[in-house]
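Remarks on the overall topology
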Amino acid sequence: MSGYSDPHFDTLALHAGATPDPSTGARAVPIHLTTSFVFESSDQAAALFNLERAGHVYSRISNPTNAVFEQRVAALEGGIGAIATASGQAALHLSVATLMGAGAHIVASTALYGGSQNLLHYTLRRFGIETTFVKPGDIDGWKAAIRPNTRLLFGETVGNPGLDVLDIPTVAQIAHEAGVPLLVDSTLTSPYLLKPLEHGADLVYHSATKFLSGHGTVIGGVVVDGGSFDWERSGKFPELTQAYDGFHNMVFSEESTVGAFLLRARREGLRDFGACMSPHTAWLILQGIETLPLRMERHMANTEKVVQFLASHPLVARVGHPLLESHPSHALANKLLRFGAKGAGSVFSFDIQGSREQGRAFIEALKIFSHLANVGDCRSLVIHPASTTHFRMTDEALAGAGIGPGTIRLSIGLEDADDLIDDLKRALKAAEKAGASKAPQGGKA
Amino acid sequence: MKLTVQGHEAYAYTGGKPFDPAKPTVVMIHGVLNDHSVWILQSRYLAHHGWNVLAVDLPGHCRSAGEAPASVEAAADFIAALLDAAGVAQAALVGHSWGSLIALETASRLKARISHLVLVGTAFPMKVTPALLEASLNAPLQAMKMINVFSRATLAAPPSALGPGTWVYGASMALNKRVLASNTKVNVFHRGFSACDQYANGLQAMAAVTCPVLFLLGAQDQMTTPKAAQSLVQQARESGKTFKVVNVPMGHHQMNESPEETLKAIQEFLQA
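Quick caveat: nothing in here was measured; it's all calculated off a predicted structure.

What counts and what doesn't
- Starting from 1, residues in each chain are numbered consecutively following that chain's sequence as written.
- Whichever chain is written first becomes A and whichever ligand is written first becomes 1, with later ones labelled in order.
- For a predicted model such as this one, the threshold for reporting local features is a pLDDT of at least 70, and the threshold for listing and counting side-chain atom pairs is 80 or more; totals across whole chains, interfaces and linings nevertheless cover every residue.
- Counting from the N terminus, the helices are the DSSP runs of H or I reaching at least four residues and the strands are the DSSP runs of E reaching at least two.
- Computation of the radius of gyration draws on C-alpha atoms, with the globule rule given as 2.2 Å multiplied by the number of residues to the power 0.38.
- Every C-beta atom is placed from the backbone, and the number of other C-beta atoms within 10 Å of a residue's own sets its class: buried at 20 or more, exposed at 12 or fewer, partly exposed in between.
- Whether two residues are in contact is decided by their C-beta atoms, placed from the backbone, lying within 7 Å.
- What marks off one domain from the next here is an automatic or database domain assignment.
- Under the convention adopted here, Pro, Cys and the residues Ala, Val, Leu, Ile, Met, Phe, Trp and Tyr are nonpolar, Asp, Glu, Lys and Arg are charged, and Gly plus all remaining residues are polar.
- Only strands joined by at least two bridges in the DSSP assignment are considered to pair.
- Helix axes are fitted to C-alpha atoms over the stretch in contact, other axes to C-alpha atoms as well, and angles between N-to-C directions run from 0 to 180 degrees.
- The arc in question is the one spanned by the directions pointing from the helix axis to the C-beta atoms.
- Roughly parallel covers angles under 35 degrees, roughly antiparallel covers those over 145, roughly perpendicular covers 65 to 115, and oblique covers all other angles.
- Each helix crossing is assigned a hand: it is left-handed if the near helix lies turned anticlockwise from the far helix by less than a right angle, otherwise right-handed if that turn is clockwise.

1. Some points on the overall build of chain B
Per the secondary structure count, chain B includes 11 helices and eight strands. In terms of C-alpha radius of gyration, chain B reaches 17 Å, essentially the compact-globule figure of 19 Å for 272 residues. Principal axes of the C-alpha set define a box for chain B whose edges measure 45 × 40 × 40 Å. Evaluated residue by residue, chain B yields a buried proportion of 60% over its 272 residues. A separation threshold of at least 6 residues defines the contact pool for chain B, and within that pool the share at least 24 residues apart is 76%.

This is how it looks when you write it as structure tokens:
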């Protein structure tokens, strides 16, 4: 029988979007490092520019290597298509800028990556787009924050860094009742652990820099459209449902019943804002995606061991992973995530009992964990959010995001779990000693 | 473009160009659980290359009101009425899957009023298995997955309807869901499949067609296999029709999986 049956996730991670190169037989995806593509004729050139035919014109708009990456992520997420971007932040900006302009309003979770929080709270406000933040689990808060000019609800699958699991089905329902889509940042879970579109989200984006790439080598992003949101029925998105004189008076929702968002995002957003991905970056991320299932399994297994170790250590006041029954998202994680709470990601935070100096001593004593501003690497990473990723946030906003002055964020990599635990043991001992040396005479040693 | 057809508002996509009575017209008819947008990589090009395009949403589907056709014959009545409403004296008909049967039936009735007949992914009889018919009624999501798996011929489609980066399987699933949801009174999935299954007039209709016929088949089509189109091809041959058979190297999603080959075949046939 010709054709395909219904490939599973692991097969799609290797094959979606790519076949052996027809001109060379190359089995791996070629890197098309070219700015532009020769037209067959003047007629074809005009047809490509006018969207009468599909093809590549200029690599800011599309590129064959990027297209493989886009198809692959769309396949893994269960979407209709995707757009590769220069970074995860570019994917978020592209999504927002495609859906709204000045005067619009967003309702977003408080538990966001610091860069996203900054974009919404400060930068977009300068362009006339306001955001109301609500705690991800405050369902009444989501409802109450919606205004007539709200155009988007937005959250992370598991909030950074407290791992508050977003109740996607419930928040999606609230969004849809208000006639607006739900956008979800799925960076920390990857499609291997959670497919937000299957739970009611309409748009999903990733910082592909993290688990999709998996090797800490490149910066990239991608936004996926589920094709489920009916822009015409909503009536709130003239950007997608009325003639756009910036592109041949095209009515995007008429051109494509389910793909209006992607059409405008590519034809306007990539064209005008230009935050495109390099084909070399797309190729490197594709190398990562090919082993995503294997890596995520190891990330989960190592994380489970490290969480159990930390949870039983006397110097650790709190471990913020839904694996633990004490975590507020424990039940929701078991309900939504593919592997239950075990699959709530390998990026989590914990609090050391003691002073800020002890926290610093802990980080500086680590030898395998690298102190840097990234997550989702194959190597284990550590950072102090209050002084780095979230440093622009006020104490109040920090508290709202579940971050304390002594919170440490770990990204568990693929090393031997015993070695990671040894490293943490040594660092916790160093933190303990730092506390002892500062302790007043007669205090706890 | 909105028209009043059989007393109801009907929608036809015109490819980004206004309808011009001076130009020849091509009507494009979608299949079960589809709408006008499946033709986007053929319709927009034709509209900018000398043709009026009327890529319809069949009644009760997405943007068109009215009763969803319960038979190929009822759908053919609609297409004939559409031509009247648009004031089109002669038109080419292009249909995909169920739409190919509708185009065939319409051409057999309107005879010289139809200039060209293009049957994309066609078969006769177009029987639907009892299990799939039942699933389309009682487990439509499961049935959608079945037909989209059968329709897929590649995991790596070339740049397609939404541009590069389109995942054709997902896009087709999303469109199927949207079309099904667009009619809250009738399950247009089951009704469309039933119409395909029950259509019995294919050979007589082919015999009655007076215009040239293009069979545009997917070499890897598992929904309407090239073999299943041979009864119509044979009838065209035996009844002395001017006809052509083109096989494109994909499956039932050929407008999106082989957009260039499909467009080329249609354009060359319409120009001839």
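2. Describing the domain arrangement of chain A
All names here are of chain A. Per the domain assignment, the segments of chain A are domain 1 (9-288) and domain 2 (294-436). Placing the centre of domain 1 and that of domain 2 at their C-alpha centroids yields a distance of 29 Å. Counting residues at the interface gives 27 residues for domain 1, matched by 35 residues for domain 2. Every element with two or more residues in the side of domain 1 that touches domain 2 is listed here: α5 (114-126) and α8 (190-193). Looking at the side of domain 1 that touches domain 2 residue by residue, the classes come out as 11 nonpolar, 12 polar and four charged.

3. Structural notes on the sheet that holds strand β6 (residues 203-207) of chain A
The pairing of strands in a sheet happens through backbone hydrogen bonds and is either parallel or antiparallel. Residue and element names in this part refer to chain A. Read from one edge to the other, the open sheet built from seven strands follows the order β1-β7-β6-β5-β4-β2-β3, with strand pairing classed as mixed. Lying at the two open borders of the sheet, with one neighbouring strand each, are β1 (81-85) and β3 (130-134). Going from strand to strand, the sheet's axes swing by 20 degrees on average, the running direction of each strand aside. As paired strands, strand β5 (residues 182-185) and β6 are joined by three bridges and run parallel to one another. In the sheet register, D185 faces β6, and the bridge partner there is Y205. Packed onto the sheet, helix α4 (residues 88-99) meets β1, β4 (150-156), β5, β6 and β7 (221-225) and runs at close to 40 degrees relative to β7. Contacts from α5 reach β2 (105-109), β3 and β5 within the one sheet, and its direction differs from that of β3 by about 145 degrees.

4. Quick word on helix α7 (residues 168-177) of chain A
Residues and elements named next belong to chain A. Turning to α7, its buried residues number three or more, namely I168, V171, A172, I174 and A175. One side of α7 holds all its buried residues, which, seen down the axis, span an arc of 160 degrees. Contact partners of the buried residues in α7: α6 (139-145), β4, β5 and α15 (330-336). Looking one or two places after α7, you find G179, whose phi comes out positive at around 75 degrees.

5. Observations regarding the interface of chain A and chain B
With 46 residues of chain A at the contact, the number on the chain B side is 36 residues. Breaking the side of chain A that touches chain B down by element, the ones donating at least two residues are α3 (64-77), β1, α11 (252-255) and α12 (260-273) of chain A. If you tally residues by element for the side of chain A that touches chain B, the top one is α3(A), at five residues. Counted by class, the side of chain A that touches chain B contains 17 nonpolar, 21 polar and eight charged residues.

6. A few points about the packing of α4(A) against α5(A)
Residues and elements named next belong to chain A. It is at 10 Å that the axes of α4 and α5 come closest, and there the two elements cross at 40 degrees. As summarised for this structure, α4 and α5 are arranged oblique, according to the angle between their axes. Considering only the axes of α4 and α5, their crossing is right-handed. Across the interface between the two elements, Q89, L92, H93 and V96 from α4 touch G115, S116, L119 and L124 from α5. Per-class residue counts for the contact of α4 with α5 are four nonpolar, four polar and no charged.

7. Some details on helix α1 (residues 40-47) of chain B
Burial analysis of α1(B) places eight of its eight residues in the buried class, which makes it a mostly covered element. For α1(B), the complete set of buried residues consists of I40(B), L41(B), Q42(B), S43(B), R44(B), Y45(B), L46(B) and A47(B).

8. Comments concerning the sheet that holds strand β5 (residues 91-96) of chain B
All names here are of chain B. Strand order in the open sheet formed by eight strands is β1-β2-β4-β3-β5-β6-β7-β8, with mixed pairing between adjacent strands. Taken across any chain shown, the strands that pair with only one partner, and hence form the sheet edges, are β1 (2-5) and β8 (243-248). With direction set aside, neighbouring strand axes in the sheet form an average angle of 25 degrees. As judged from the two bridges shared by strand β2 (residues 8-13) and strand β4 (residues 52-56), these two strands associate in the antiparallel manner. Counterpart to A12 in the pairing with β4 is V56.

9. As for the packing of helix α2 (residues 72-86) of chain B against helix α3 (residues 98-110) of chain B
All names here are of chain B. Packing of α2 against α3 brings their axes to within 8 Å, and their N-to-C directions diverge by 65 degrees. Crossing angle aside, the handedness with which α2 passes α3 is right-handed. For the pair α2 and α3, the contacting residues are V72, E73, A75, A76, I79 and A80 in the first and L101, I102, E105, T106, R109 and L110 in the second. Among the residues forming the contact of α2 with α3, the class breakdown is eight nonpolar, one polar and three charged.

10. A few points about the environment of D20(B)
Tracing the backbone shows D20(B) in the loop between β2 and β3 (25-29). Through-space distance from the C-alpha of D20(B) to that of D197(B) is 37 Å; in sequence the pair is 177 residues apart.

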